[in-house]
Amino acid sequence: MKNIQIAPSILSADFAKMGEEVRAMQACGADVIHYDVMDGVFVNNITFGLKMLEDIRPYTSLPIDAHLMIVHPEKYVERFAKAGADIITVHWEACKDNLREVLELIRSTGVKCGAVINPDTPVEKIRDVIPLCDMVLVMSVFPGFGGQKFIPSALDKLREIRAIIDESGKDIDLEIDGGITAENVRLVKEAGANVIVAGSAIFKAVDRAAAIAALKE
Ligand code: DX5
Ligand code: ZN
């Protein structure tokens, strides 16, 4: 089994001091910074984009995982790569038949690529492209907001994708995002997730280092 990596979602951070928040996450033991980009069209919320990524880049040496919840992600992948993303993930729901092409485009910019599915999208939709990915992201909430409740049907998808990854023999990460807490984290790990996104469970904690350690353990 691969090492467990904890990826704080800075959607739950204080945007007025984002650089400091990112630096603090590294000091608290985070492994990855999860960067949620929302455009107000693909999802019903707006977060941040290219400039914020550029500005926080000097505050951490951790990999930055840009989760693009935007329509036409292909228009922006090159600029997100340039702004400092280490991995860019795009939704099947945003790319549909072009997903393979968009993943190849991401790869061609020199960063890692990943495919994401929403809670109501079956694994079947991305099965063929999984071997092309560096990471697969399973949403355990409908994207748009932090602090939502974990949707348990994500566990079956994790198991299904973990089996596909194992069969492929490739080194592919499996990430879970949405509603992860110290209480349910064991379930997602057992189902095969090795990259654990958590927003509110980390940023709302009084002791953030302890919250990260509890998720990792
Ligand atoms: C949801 C985002 C998540 C979110 C997770 O649209 O993609 O990354 O910030 O937040 P929590 O852990 O609070 O559900
Ligand atoms: Zn996310």
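What comes next is a walk through the structure. (Residues numbered from 1 in each chain as written. Chains lettered and ligands numbered in written order. Predicted model: local features only at pLDDT ≥ 70, side-chain atom pairs only at ≥ 80, totals over all residues. Heavy atoms only, no water.)

**Comments concerning the coordination of the zinc ion (ligand 2)**
- Note on the zinc ion (ligand 2): its protein donors are His34 (NE2), Asp36 (OD), His67 (ND1) and Asp177 (OD). The metal-donor distances range over 2.0 to 2.3 Å.
- Bound by 6 donor atoms, the zinc ion (ligand 2) shows angles of 69 to 172 degrees at the metal and therefore octahedral coordination geometry.
- Counting residues between consecutive donors of the zinc ion (ligand 2) along the chain gives the motif H-x1-D-x30-H-x109-D. Of this pair, histidine 34 sits in strand β2 (residues 33-38) while aspartate 177 sits in strand β7 (residues 173-177), and the two are 143 residues apart along the sequence. The residues histidine 34 and aspartate 177 share a single accessibility class, namely buried. (Donors = N, O, S within 2.8 Å, 3.2 Å for Na, K, Ca; no water. Tetrahedral: all angles 85-135°; square planar, octahedral: opposite > 155°, others 65-115°. Helix = DSSP H or I, 4+ residues; strand = E, 2+ residues; numbered from the N terminus. Buried < 20%, exposed > 50% of the residue type's maximum accessible area, 1.4 Å probe, protein only.)

**A few points about the pattern of salt bridges**
- Going through the model one piece at a time under the given rule, you end up with 13 salt bridges.
- As a salt-bridge pair, lysine 216 and aspartate 31 come within 2.9 Å of each other at their nearest N and O atoms. Note that lysine 216 is positioned in helix α9 (residues 208-216) and aspartate 31 in the loop between α1 (18-27) and β2, a separation of 185 residues in sequence.
- Bridged by salt links that share partners, the residues Lys2, Asp171 and Asp173 form one connected network. (Salt bridge = Lys/Arg side-chain N within 4 Å of Asp/Glu carboxyl O.)

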